[in-house]
Structure formats: structure tokens, C-alpha cells
Amino acid sequence: MLPPELPPLPALTRAEGELVDRYLEVVDQLGRINPARGRDTYGALRAAQALVGRATALRDALTVMYERGETEVHARTLARALGVLDGRRRADLVGLPPEPEG
């Protein structure tokens, strides 16, 4: 059985696509560093080391957009793209986990 088909990504410029991808990479690293969700310091250390490179790539993607004259961020379109790429679940890993009931 095939998994359900994801909705299509909205039309993005190459630079916007790069921005979304690099942003999610940064979010993923922050989720791995999150001390409220972590299991060991080594994994968090490796994620923190990788974060530097991912943040640089994010900065570079934004620089390319700006230099190409893409000075506006189309938040609704980019939010839809993030949603298709599981951005909400990935970003939730950066925050505090829910408190256990009881």
C-alpha cells in the first residue's frame, strides 16, 4: 500500500526553495540540541557543530534572495511550503515537550 500523496508544494523561486530548505535544516539541528528532548550530550554537541554550517547556508540563501531583488518574503506561500515539508512537527521539536498529565 502506498502512503498518502502529499499536497504539491506551492510555486517558489529557486531562492525561496533554498530558503525553506536551509531554514528547516536549522530547525532540525535546534531540535536535536534541545535539552528538554535530548538523550545525550554527544548528539547535542554534534548538532550544535552542524548548526553553524546550516545557519551560514541559511544566511547565504537570504543574501542571494536580497541580491536578486527578492526583497519581500511571501509568508503565506512559504508557510504552505513549510507545512508540506512537515515544518510544524519539526519546529515543535525546538520547543518544550508537553507536560505529562497526572
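Everything below is about the structure shown above.
Just so it is clear, the model here is predicted, and its values are computed rather than measured.

Criteria and thresholds
Throughout this description, residue numbers start from 1 for each chain and increase along the sequence as written. Local features are withheld for residues below a pLDDT of 70 in this predicted model, meaning they are given only at 70 or higher, and side-chain atom pairs are given and counted only at 80 or more; totals for whole chains, interfaces and linings count all residues. The side-chain quantities take in all heavy atoms of the structure and omit both hydrogens and water. A run of H or I in DSSP counts as a helix once it spans at least four residues, and a run of E counts as a strand once it spans at least two, with each numbered from the N terminus. Pairs of residues are marked as contacts when any of their non-hydrogen atoms sit within 4.5 Å. Axes here mean lines fitted to C-alpha atoms, for a helix over just the part in contact, with angles spanning 0 to 180 degrees between N-to-C directions. Relative orientations are named as follows: roughly parallel for angles under 35 degrees, roughly antiparallel for angles over 145 degrees, roughly perpendicular for angles from 65 to 115 degrees, and oblique for any other angle. Take the far helix as the reference: if the near one is turned anticlockwise from it by less than a right angle, the crossing is left-handed, and if turned clockwise, right-handed. Here the term charged refers only to Asp, Glu, Lys and Arg, the term nonpolar to Ala, Val, Leu, Ile, Met, Phe, Trp, Tyr, Cys and Pro, and the term polar to all other amino acids, Gly among them. The criterion is simple. A nonpolar core is a set of buried Ala, Val, Leu, Ile, Met, Phe, Trp, Tyr and Cys residues joined through side-chain atoms within 4.5 Å. Relative accessibility under 20% of the residue-type maximum defines a buried residue, over 50% an exposed one, and the middle range a partly exposed one, all with a 1.4 Å probe and only protein chains included. Between the first and last residue of a helix there are one fewer steps than residues, each counted as 1.5 Å, and that sum is the expected span. A residue's bend is given by the angle between axes fitted to the 7 residues ending at it and the 7 residues starting at it. N or O atoms closer than or at 3.5 Å make up a polar contact, with two conditions inside protein: a donor-capable atom paired with an acceptor-capable one, and, for residues adjacent in sequence, both atoms drawn from side chains.

Undergrad: Explain the environment of Ala 81 to me, please; I cannot follow it from the model alone.
TA: Structurally, Ala 81 is set in helix 3 (residues 75-84). For the pair Ala 81 and Asp 21, spaced 60 residues apart in the sequence, the C-alpha separation amounts to 9.7 Å. Among residues more than four places away in sequence, those in contact with Ala 81 are Leu 9, Pro 10, Leu 12 and Val 20.

Undergrad: How do you make sense of the packing of helix 1 (residues 14-33) against helix 2 (residues 41-67) when you look at a structure like this?
TA: Here helix 1 crosses helix 2 at 160°, and the two axes come no closer than 8 Å. Between helix 1 and helix 2, the crossing angle belongs to the class labelled roughly antiparallel. Like other packed secondary-structure pairs, helix 1 and helix 2 cross with a definite hand, here left-handed. Residue composition of the contact of helix 1 with helix 2, by class: 18 nonpolar, one polar and six charged.

Undergrad: Please explain the nonpolar core as it appears in this structure.
TA: Side chains that are nonpolar tend, in soluble globular proteins, to be buried together. Counting 10 residues, the largest nonpolar core is built from Ala 15, Leu 19, Val 20, Leu 24, Val 26, Leu 51, Leu 58, Met 65, Leu 78 and Ala 81. Broken down by secondary-structure element, the contributors of at least two residues to this core are helix 1, helix 2 and helix 3. Counting residues per element, this core draws most heavily on helix 1, at five residues. Residues in contact with Val 20, not counting those within four places in the same chain, are Leu 78, Ala 81, Leu 82 and Leu 85.

Undergrad: Got a minute to help me understand unusual backbone geometry in this structure?
TA: Note on backbone geometry: most residues besides glycine have negative phi, and most peptide bonds are trans. In this structure, Asp 86 is a non-glycine residue whose phi angle is positive, near 65°. By the element assignment, Asp 86 lies in the loop between helix 3 and helix 4 (87-92). Judged by its relative accessible area of 32%, Asp 86 is partly exposed.

Undergrad: Hey, could you run me through helix 2 in this one?
TA: Every α-helical turn comprises 3.6 residues, leaving residues that sit three or four positions apart pointing alike. For helix 2, built from 27 residues, the straight-helix expectation of 39 Å at 1.5 Å per residue is met to within 8% by its first-to-last C-alpha distance of 39 Å. The largest bend along helix 2 reaches roughly 25° and is located at Leu 51. Of the positions making up helix 2, those classed as buried are Ala 44, Ala 47, Leu 51, Leu 58, Ala 61 and Met 65. Tucked into the core, helix 2 has its buried residues touching helix 1. The backbone nitrogen of Tyr 42 has a side-chain oxygen 3.2 Å away, supplied by the residue at the start of helix 2, namely Asp 40. One or two residues past the end of helix 2 sits Gly 69, with phi positive at roughly 90°.

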